[in-house]
Amino acid sequence: MHEELVRDRIRTLHREAEEQRLVSGIMRLRRARRGAERASSRLRHALLRLA
């Protein structure tokens, strides 16, 4: 019984760690997307100033 509880807890911890990795990846993608949008906006404004 005790071993099954330990295995279940380990599985839970692994699942939680995987969920945390996914969340971290999503947050990283969102930051990268915002950075790309800002860069695109700066480029657009720079090109308009040249015109």
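This text follows the structure it describes.
Below: a short report on this structure.

## Brief notes about a nonpolar patch on the surface
The grouping of Leu43, Leu47 and Leu50 at the surface amounts to a nonpolar patch, some 350 Å² of accessible area in total. As for its position among the elements, Leu43 is in helix H1 (residues 2-50). Judged by relative accessible area, Leu43 falls into the exposed class, the value being 53%.

## Remarks on the pattern of salt bridges
Tallied over the entire structure, the rule returns five salt bridges. For the salt bridge of Arg7 with Glu3, the shortest nitrogen-to-oxygen distance reads 3.8 Å. Residue Arg7 and its partner Glu3 are located together in helix H1, separated by four residues, close to a single helical turn. For Arg7, a relative accessible area of 41% corresponds to the partly exposed category. The shortest N-O distance in the salt bridge between Glu4 and Arg11 comes to 3.1 Å. A relative accessible area of 42% means that Arg11 is categorised as partly exposed. Via salt bridges that share partners, Glu3, Glu4, Arg7, Asp8 and Arg11 belong to a single interconnected network.

Calculation rules
- Residues numbered from 1 in each chain as written.
- Predicted model: local features only at pLDDT ≥ 70, side-chain atom pairs only at ≥ 80, totals over all residues.
- Heavy atoms only, no water.
- Patch = residues over 30% accessible without salt bridge, like charges linked within 9 Å, V, L, I, M, F, W, Y side chains within 5 Å.
- Areas by Shrake-Rupley, 256 points an atom, 1.4 Å probe, with all protein chains shown as cover.
- Salt bridge = Lys/Arg side-chain N within 4 Å of Asp/Glu carboxyl O.
- Helix = DSSP H or I, 4+ residues; strand = E, 2+ residues; numbered from the N terminus.
- Buried < 20%, exposed > 50% of the residue type's maximum accessible area, 1.4 Å probe, protein only.

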